[in-house]
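The chain contents come next:
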Amino acid sequence: MPDIASRAKLWFVISLLVIVPGLISMFTRGFNFGIDFTGGTILDLKFDSPVQIATVRDALRPFGLDNATIQLSGDSADISASNSVMIRTVDLEESQRKVIMSAIRSNVANFEVLREEKVGATIGSELISNALLALVISWALIILYIAYRFEFRFGFAAILALIHDILIVLAVFSFTQKQIDSSFVAALLTIVGYSINDTIVIFDRIRENLKLHFKRRGNLADIVNRAIFQTLTRSLYTVLTCIFTSLSLLYFGGDTTKDFAFALTIGFICGCYSSIFIAGPLWLTFKNMSK
């Protein structure tokens, strides 16, 4: 049986090779925040004939606005096309709006402007602060729960594994400059839920192995390795199922879901990696330090 637990330094270094450059990128390049964070422009248009989202998006592509949020509305029986289209994009000056609407009229169809206005960010700084506070409180409650069910070192290791996953996803989005919007926040919460569940399964098996084998002078590293390999098949089946789903959404879903699916894919991979290679070895490290 391969020795995963005793090679903790190797797994930590591999993670740091992504996290450290990621932190540097976050502080230097920052993130590509979407209109949910920065505000933007809403164009509500009524076309003379039904149009499709893809056609409107193609008309916006030359202006670098192909990632705009485009929604169909109206009473059309065809759900893939409609006369009424709402476009939400970055903040545009009046001259820019005129050029863009002229291009839409030329490349898509003639339309009537029902609404044209600037809107503020839907995710303000206060909401972001409240979300971060809620995340910290949830981590504290997770530590308390795991400390009650297992021990404090399990809870601390689980939270560090979660922070590891979030930092890697943030790093990848900073590297690639993919857009961050409200769906990204939902993806992060999904990743946290997946990762903690996978980690708890391994920790539960470690606890059971401690009861069964430690009295027989079992080595702690052997116990962690045994727990990892006892749950390895389950972990791989779970992550592959999730990744197949997120990849399907990434490649076959609409443009508005691609960044969400990309975040999920990266997060699921990180969550599986941290559960197997980070959480258990972290617990073992803390356990050895307390001796």
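Treat the numbers as computed from the prediction; the structure is a model and nothing was measured. Here the residue index of a chain counts from 1 through its sequence in written order. Residues qualify for local features only when their pLDDT is at least 70, as the model is predicted, and side-chain atom pairs are given and counted only at 80 or more; totals for whole chains, interfaces and linings, by contrast, use all residues. The basis for every side-chain value is the complete set of non-hydrogen atoms in the structure, without hydrogens or water.

*Asks:* Please set out the packing of helix α8 (residues 220–252) against helix α9 (residues 255–289) residue by residue, giving values where relevant.
*Replies:* Fitted lines through C-alpha atoms give the axes, limited to the stretch in contact for helices. The angle between two N-to-C directions lies from 0 to 180 degrees. Each helix is a run of H or I in the DSSP string that is no shorter than four residues. Each strand is a run of E no shorter than two, and both are numbered from the N terminus. The contact between α8 and α9 brings their axes to 8 Å, and the two run at 175°. With respect to α9, the axis of α8 lies roughly antiparallel. Only Asp, Glu, Lys and Arg are considered charged, only Ala, Val, Leu, Ile, Met, Phe, Trp, Tyr, Cys and Pro nonpolar, and every remaining residue, Gly among them, polar. Among the residues forming the contact of α8 with α9, the class breakdown is 23 nonpolar, 6 polar and 2 charged. Roughly parallel means an angle under 35 degrees; roughly antiparallel means over 145; roughly perpendicular covers 65 to 115; every other angle is labelled oblique.

*Asks:* How would you sum up the nonpolar core? Please name residues and give values.
*Replies:* Residue types Ala, Val, Leu, Ile, Met, Phe, Trp, Tyr and Cys, when buried and joined through side-chain atoms within 4.5 Å, form a set referred to as a nonpolar core. Note on exposure labels: buried denotes an accessible area under 20% of the residue type's maximum, exposed denotes more than 50%, and partly exposed covers the range between, all computed with a 1.4 Å probe on protein chains only. By size, the foremost hydrophobic cluster in this structure holds 59 residues, and its most contacted members are Phe184, Phe203, Ile206 and Trp283. Elements with a minimum of two residues in this core: α1 (8–28), α5 (125–149), α6 (152–176), α7 (182–213), α8 and α9. Beyond its immediate chain neighbours, meaning those up to four positions away, Phe203 contacts Phe150, Phe154, Ala157, Ala158, Ala279, Gly280 and Trp283. Note on contacts: a residue pair is in contact if any heavy atoms of the two residues lie within 4.5 Å.

*Asks:* Now, about the sheet that holds strand β4 (residues 81–89): what can you tell me, with residues and values included?
*Replies:* Between any two strands, pairing holds if DSSP finds at least two bridges. Ordered by their spatial adjacency, 4 strands build an open sheet running β3-β4-β2-β5, and the pairing between neighbours is antiparallel. If you trace the sheet from one side to the other, it starts and ends with β3 (69–73) and β5 (111–119), each paired once. With direction set aside, neighbouring strand axes in the sheet form an average angle of 20°. In this structure, strand β2 (residues 40–52) lies alongside β4, joined through 8 bridges in antiparallel fashion. Paired with Thr41 across the strands is Thr89, a residue of β4. Contacts from helix α3 (residues 53–60) reach β2, β3 and β4, with the element oriented near 125° to β2. Contacts from helix α4 (residues 94–107) reach β2, β4 and β5 within the one sheet, and its direction differs from that of β5 by about 150°.

*Asks:* Account for the side chain of Ser274, with residues named and values stated.
*Replies:* Structurally, Ser274 can be placed in helix α9. Here Asp165 takes part through its side chain, which lies 3.0 Å from a polar atom of the side chain of Ser274. By the criterion applied in these results, polar contacts are pairs of N or O atoms within 3.5 Å in which, for protein atoms, one can donate a hydrogen and the other can accept it, and in which residues neighboring in sequence qualify only through two side-chain atoms.

*Asks:* Explain the side chain of Gln179 to me, using residue names and the numbers behind them.
*Replies:* Assignment of secondary structure puts Gln179 in strand β6 (residues 179–180). The class for Gln179 is buried, based on a relative accessible area of 14%.

*Asks:* An account of the packing of aromatic side chains is requested, with residue identities and associated values reported.
*Replies:* A pair of aromatic rings is counted whenever rings of Phe, Tyr or Trp (Trp by its six-membered ring) have centres within 6.5 Å, and the orientation is called stacked for planes under 30 degrees apart, edge-to-face for over 60 and tilted otherwise. All told, the structure shown has 12 aromatic pairs when counted by the stated rule. Relative to Phe268, the ring of Tyr194 lies with its centre 5.2 Å away and its plane at 70°, an arrangement referred to as edge-to-face. Taken as a pair, Tyr194 in helix α7 and Phe268 in helix α9 lie far apart in primary sequence, 74 residues in all. The buried category is assigned to Phe268, whose relative accessible area is 6%. Pairwise contacts between aromatic rings join Phe150, Phe154, Phe203 and Trp283 into one cluster.

*Asks:* Which residues make up the pattern of salt bridges, and what values do they have?
*Replies:* Any Lys or Arg side-chain nitrogen found within 4 Å of a carboxyl oxygen on Asp or Glu counts as a salt bridge. Under the counting rule described, the total for this entry stands at 9 salt bridges. Measuring nitrogen to oxygen at the nearest pair gives 3.1 Å for the salt bridge that ties Asp58 to Arg61. We classify Asp58 as partly exposed; its relative accessible area is 46%. Taking the relative accessible area as the measure of exposure, Arg61 reaches 40% and is therefore partly exposed. Through salt bridges that share partners, Glu151, Arg153 and Lys287 make up one connected network.

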